[in-house]
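Single-letter residue listing:
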Amino acid sequence: MNREQKAAVVASLKDSFAQSNASFIVKYPGMTVEQLQKLRNDLRSQGATLKVTKARLMKVAAQDNPDGEVMLPYYKDQIGLVFANQEAPSVAKVLKDFAKENEALTVIAGSLDQALLTESDVLKIASLPSKEILLAQVCGTLNAPITGLARALTMMQLKLLWTLTQNKQKKQ
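The present account deals with the structure reproduced in this document. (Residues numbered from 1 in each chain as written. Predicted model: local features only at pLDDT ≥ 70, side-chain atom pairs only at ≥ 80, totals over all residues. Heavy atoms only, no water.)

What about the sheet that holds strand β5 (residues 115–118)?
Let me state the cut-off plainly: At least two bridges found by DSSP between two strands is the condition for calling them paired. By the criteria applied, helices consist of DSSP H or I runs no shorter than four residues and strands consist of E runs no shorter than two, each listed in order from the N terminus. In this description, a line fitted to the C-alpha atoms serves as the axis of each element, helices being fitted only across the stretch in contact, and the angle between N-to-C directions of two axes falls anywhere from 0 to 180 degrees. Should any heavy atoms of two residues lie within 4.5 Å, those residues are considered in contact.
One open sheet holds the five strands; their spatial order is β2-β3-β1-β4-β5, and the pairing between them is antiparallel. Strand pairing shows two members of the sheet lacking a second neighbour, β2 (48–52) and β5, which therefore form its edges. If you compare each strand with its neighbour and ignore which way they point, the axes differ by 20° on average. In this sheet, strand β4 (residues 106–112) lies alongside strand β1 (residues 22–27) in antiparallel orientation, the contact comprising six bridges. Within β4, the position partnered with S23 by the bridge is S111. Across the sheet, helix α5 (residues 88–101) touches β1, β2, β3 (79–84) and β4, and the angle it forms with β1 is around 10°.

With respect to the pattern of salt bridges
Note the threshold: The working definition used for a salt bridge is a side-chain nitrogen of Lys or Arg within 4 Å of a carboxyl oxygen of Asp or Glu. Under the scheme applied here, a residue whose accessible area is under 20% of the maximum for its type counts as buried, over 50% as exposed, and between as partly exposed, the area being computed with a 1.4 Å probe on protein chains only.
For the coordinates displayed, the defined rule picks out three salt bridges. Among the ionic pairs, D77 bridges to K27, the shortest N-O distance being 3.5 Å. One end of the pair, D77, is in the loop between α4 (66–69) and β3; the other, K27, is in strand β1, with 50 residues separating them in the sequence. When its relative accessible area of 55% is taken as the criterion, D77 is described as exposed. On the accessibility criterion, K27 (27% relative accessible area) is partly exposed.

What to know about the packing of helix α2 (residues 33–45) against α5
This is how it is decided: Under this scheme an angle from 65 to 115 degrees is roughly perpendicular, one under 35 degrees roughly parallel, and one over 145 degrees roughly antiparallel; angles in between are oblique. Helix crossings are classified by the rotation of the near helix relative to the far one: an anticlockwise turn of less than a right angle makes the crossing left-handed, while a clockwise turn makes it right-handed. Only Asp, Glu, Lys and Arg are considered charged, only Ala, Val, Leu, Ile, Met, Phe, Trp, Tyr, Cys and Pro nonpolar, and every remaining residue, Gly among them, polar.
Interhelical geometry of α2 versus α5 gives an angle of 155° and a closest axis separation of 10 Å. If you check the angle between α2 and α5, you find them roughly antiparallel. Judged by the twist between their axes, the crossing of α2 over α5 is right-handed. Here Q35, K38, L39, D42 and L43 of α2 come into contact with α5, specifically with V91, V94, L95, F98 and E101. A class-by-class count of the residues in the contact of α2 with α5 yields six nonpolar, one polar and three charged.

Re the nonpolar core
Test applied: Note on terminology: a nonpolar core comprises buried Ala, Val, Leu, Ile, Met, Phe, Trp, Tyr and Cys residues joined through side-chain atoms within 4.5 Å.
Membership of the largest hydrophobic core comes to 24 residues, with the highest contact counts inside it found for F24, L43, V82 and L95. Only β1, α2, β2, β3, α5 and α6 (119–126) provide two or more residues apiece to this core. The greatest single-element share of this core, amounting to six residues, is contributed by α5. For V82, the residues in contact, after removing those within four places along its chain, are A22, S23, F24, V26, L43, A48, T49, L50, V91 and L95.

Laid out in structure tokens, this is it:
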């Protein structure tokens, strides 16, 4: 790889850092090409990309970016960078599920909002529900008092109707 190609790779990584919401470092030694392709396809379906290049080039690209700088100690060995362009929890879930199926893949660290995430932090994020589920839970919580009031008012009407029906039956 000549100097111009290295500069292009560094520029591409810098753009990926700038455009992504979160990034994760994964270790993948021993994975086959088919497994890497499957991982890339799974990540692509969640709006994420996997970039594999020399760790030294990753360090150079990360030095000017706050999201990348927090992970500087982890840029070594055979690693790949996963950039989450949409929701970080869904990407972390894909990584967690794929790591369960393939022991060769391990999540090392991550970066979210310029904060370093350890492996356990990434697994915690992976266990979070999706954005749609969280919004539905908030809506349900906000709707609960109104629903309870409507149910109570309906029950009062039904009790009155039941009492009037009982009185009518007693008079007959």
